[in-house]
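What the coordinates show
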Amino acid sequence: MALHFLVDEPSVDGADVSTADAGDEVVITGAEAHHAAVVRRVRIGEEVTVGDGRGVWLTGVVTASAPKRVVVSVTSRSQQAAASPRIVLAQALAKGDRDELAVQAATELGIDEVVPWQAARSISRWTGEKAVKGVGRWQSIVREAAKQAHRAWTPTVGAVLTTRELAARADRARVLVLEPTARTALTAVALDDVAEVVLVVGPEGGVCAEEIAELTEAGAIAVRLGDTVLRTSTAGPAALAIVNARLGRW
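Now for a description of the structure that goes with this document. Just so it is clear, the model here is predicted, and its values are computed rather than measured. (Residues numbered from 1 in each chain as written. Predicted model: local features only at pLDDT ≥ 70, side-chain atom pairs only at ≥ 80, totals over all residues. Heavy atoms only, no water.)

So, the overall build of the chain
In terms of regular secondary structure, the chain is built from six helices and 12 strands. The globule rule puts the C-alpha radius of gyration for 250 residues at 18 Å, and the 20 Å found for the chain is close to it. Once the C-alpha set of the chain is aligned to its principal axes, its extents read approximately 60 × 40 × 30 Å. Each of the 250 residues in the chain was classed as buried or not, and the buried ones make up 47%. Considering only intrachain contacts with a sequence separation of at least 6, the fraction spanning at least 24 residues in the chain is 72%. By element, 51% of the accessible surface of the chain is carried by carbon and sulfur atoms, the whole surface being about 12,000 Å². For the chain, the distance from the average site of its 27 positive side-chain charges to the average site of its 31 negative ones is 5 Å. (Helix = DSSP H or I, 4+ residues; strand = E, 2+ residues; numbered from the N terminus. Rg over C-alpha atoms; globule rule 2.2 N^0.38 Å. Buried < 20%, exposed > 50% of the residue type's maximum accessible area, 1.4 Å probe, protein only. Contact = heavy atoms within 4.5 Å. Areas by Shrake-Rupley, 256 points an atom, 1.4 Å probe, with all protein chains shown as cover. Lys, Arg positive; Asp, Glu negative; His and termini not counted. Charge placed at Lys NZ, Arg CZ, Asp CG, Glu CD.)

Focus: the pattern of salt bridges
Side-chain pairing between opposite charges can occur once the charged atoms of the two side chains come close. Inspection of every chain in the model, using the stated rule, returns 13 salt bridges. Of the charged contacts in the structure, one is a salt bridge between R86 and E113, with a shortest N-O distance of 3.1 Å. A residue pair is termed long-range when its members are at least 10 positions apart, and R86 in strand 6 (residues 86-92) and E113 in strand 7 (residues 113-117) qualify at 27 residues. Given a relative accessible area of 11%, E113 falls into the buried group. Between K147 and E144 there is a salt bridge, with its nearest N and O atoms 3.3 Å apart. Of this pair, K147 and E144 both sit in helix 3 (residues 128-148), three residues apart, which is roughly one turn of the helix. Salt bridges sharing partners connect three or more residues here, namely D8, E32, R143, E144 and K147. (Salt bridge = Lys/Arg side-chain N within 4 Å of Asp/Glu carboxyl O.)

A short note on the sheet that holds strand 5 (residues 69-79)
Pairing is mixed in the open sheet, where five strands are placed in the order 1-3-4-5-2. Pairing within the sheet leaves two strands with one partner each, and these edge strands are strand 1 (3-6) and strand 2 (25-29). The mean angle between the axes of side-by-side strands here comes to 40°, regardless of whether they run parallel or antiparallel. In this structure, strand 1 lies alongside strand 3 (residues 47-51), joined through four bridges in parallel fashion. (Pairing = 2+ DSSP bridges. Axes fitted to C-alpha atoms, helices over the stretch in contact; angles between N-to-C directions.)

Structural notes on the environment of T232
Relative to the elements of secondary structure, T232 occurs in helix 6 (residues 232-246). In this structure the C-alpha to C-alpha distance between T232 and G205, which are 27 residues apart in sequence, comes to 9.0 Å. Residue contacts for T232: discarding those within four places in its chain leaves Q91, A94, R98, A102, V201, G202 and P203. Within polar-contact distance, the side chain of T232 engages the side chain of Q91 at 2.7 Å. In this structure the side chain of T232 is engaged in a polar contact, spanning 2.7 Å, whose partner is the backbone oxygen of G202. (Polar contact = N/O pair within 3.5 Å; in protein donor to acceptor, adjacent residues only side chain to side chain.)

Here it is, written out as structure tokens:
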């Protein structure tokens, strides 16, 4: 499989990826060029793919390769439509890197949006500058995971949500709260005629009773994945795999 590179900023030298077509030259600079030339050791004449993270998919041949500048001559272009319905991961902030592991895996598995959730039992607390840095960190993880997975669309990362803000999404989406003690299995929930599916994953201590009540009163559904209790780093990706199959993505 050809190496894939992500160029999601306007070009100052060569054609913009978002508008480039066969016959154009796309110039990769900055950190992405260094990664291509030094880390991946891309060579002149090698076929690669380039995307903008918003559906554009270019195939081309490398005509120049240097740590600060990689040039790709475009041979073909395609446009991939955004997935519908959208699947969103509302991931509770967790200690260590467990929430980051969940975000990385979910991106590789096809999530369309990631939302950090400040749950009651979250040990990690994001406020002020820490919230800005945290969202930036997740955006970096999502970008690299999307590139690794050769995704035409890079998931968005939203601002940190409170439980009340998360509950408000139930007005326009099918919100599913992953809860091991729930009576309803995820596989039994109808996913027809919805524009968005939101998978809510709690922190290490789980979603507290008051949060479940607030979310379900707003229209969310508490669901279980099976008879075992999964970690916060694996619950979201496991649920996403099921939803992908249910929606015919897999």
